[in-house]
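Chain and residue survey
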Amino acid sequence: MNNDRKENLQKLIELIEDIDFTMMTTVDDDGSLRSRPMSTQQIGEDGVMWFFTGYESGKSHEIKNDSHVNLSYSKPSDNVFVSVSGKATLSKDRAKIEELWSPELKAWFPGGKEDPNVGLIKVVIDKAEYWDSPNSAVTHLIGFVKATLSGESYDPGENKKIDL
């Protein structure tokens, strides 16, 4: 892995590791986009992300037909917004299910990790874009007003596109 890719991926991981939920968007049979909240179970330094799913769910069907997904993360309190695009595959890897399982998941899978409907979604990241503005809301307001009055462009913080 080259240094730029490694640094970009590390920055991405840092931005989203404390954001539990993402909106996962898949492509429906008719080409329309569908999003639903998902909890990120793991993001590896190799750019692979893992999520639990009902193996026979609608999103699983959609992923089987079109593997393209988008993951949207936001943490407005820290002015962090991230969009991740990648390819998803379904898995019933027992070792990975065991590794990632936590007791809270019984709310979705009453039969526990042995539930026959327990599955995983593996997402390999292709691209990402993030907006990271660590300043406070007051600083943003002052910067916005200053830009409006001076005619200069407003600088909301760091924005970067990443190809992995």
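This text gives an overview of the structure that appears in the document. (Residues numbered from 1 in each chain as written. Predicted model: local features only at pLDDT ≥ 70, side-chain atom pairs only at ≥ 80, totals over all residues. Heavy atoms only, no water.)

A look at the packing of aromatic side chains
Rules: The aromatic pairing rule takes the rings of Phe, Tyr and Trp, using the six-membered ring of Trp, and pairs them if the centres are within 6.5 Å, calling planes under 30 degrees apart stacked, those over 60 edge-to-face and the rest tilted. Helix numbering and strand numbering both begin at the N terminus, where a helix is a DSSP run of H or I of at least 4 residues and a strand a DSSP run of E of at least 2. Under the scheme applied here, a residue whose accessible area is under 20% of the maximum for its type counts as buried, over 50% as exposed, and between as partly exposed, the area being computed with a 1.4 Å probe on protein chains only.
Under the criterion given, the structure shown has three aromatic pairs. The interplanar angle of 85° and the centroid separation of 5.7 Å between the aromatic rings of F52 and W101 together place this pair among those described as edge-to-face. Taken as a pair, F52 in strand β4 (residues 48-54) and W101 in the loop between α3 (94-100) and β7 (118-132) lie far apart in primary sequence, 49 residues in all. Residue classification places F52 among the buried residues on the basis of a relative accessible area of 8%. Relative accessible area serves as the criterion here: at 17%, W101 is assigned to the buried category.

Let's talk about helix α2 (residues 58-65)
For the record, the criterion: Directions from the helix axis toward the C-beta atoms define the arc. A contact between two residues is defined here by any heavy atoms of the two lying within 4.5 Å.
Taken as a whole, α2 has its buried residues at K59, S60, E62 and I63. Seen along its axis, α2 keeps its buried residues to an arc of 160°; they face one direction. Projecting away from the buried face of α2 at angles above 90 degrees are the exposed residues K64 and N65. Looking at the buried side of α2, the elements it contacts are β1 (21-27), β2 (33-39), β4, β5 (68-75), β6 (80-91) and β7.

Describing the nonpolar core
This is how the line gets drawn: By nonpolar core is meant a set of buried Ala, Val, Leu, Ile, Met, Phe, Trp, Tyr and Cys residues that side-chain atoms within 4.5 Å join together.
Formed by 27 residues in total, the largest nonpolar core has its most connected members in M49, F51, Y73, V82, V84, I121 and V123. Broken down by secondary-structure element, the contributors of at least two residues to this core are α1 (3-16), β4, β5, β6 and β7. With residues near it in sequence (within four places) discarded, F51 still touches T22, M24, M38, S39, T40, Q41, L71, Y73, G119, L120, I121 and V123. Residues I97, W101, L105 and L120 belong to the second largest nonpolar core, which totals ten residues.

Some words on the pattern of salt bridges
For clarity, the cut-off: Each salt bridge in this description consists of a side-chain nitrogen of Lys or Arg and a carboxyl oxygen of Asp or Glu lying within 4 Å of one another.
Across all of its chains, the model carries eight salt bridges by this definition. As a salt-bridge pair, K87 and D126 come within 4.0 Å of each other at their nearest N and O atoms. On the criterion of sequence distance, the pair formed by K87 in strand β6 and D126 in strand β7 is long-range, its members being 39 residues apart. Exposure remark for K87: the relative accessible area of 36% places this residue in the partly exposed category. Residue K113 is joined to E98 by a salt bridge in which the shortest nitrogen-to-oxygen separation is 2.8 Å.

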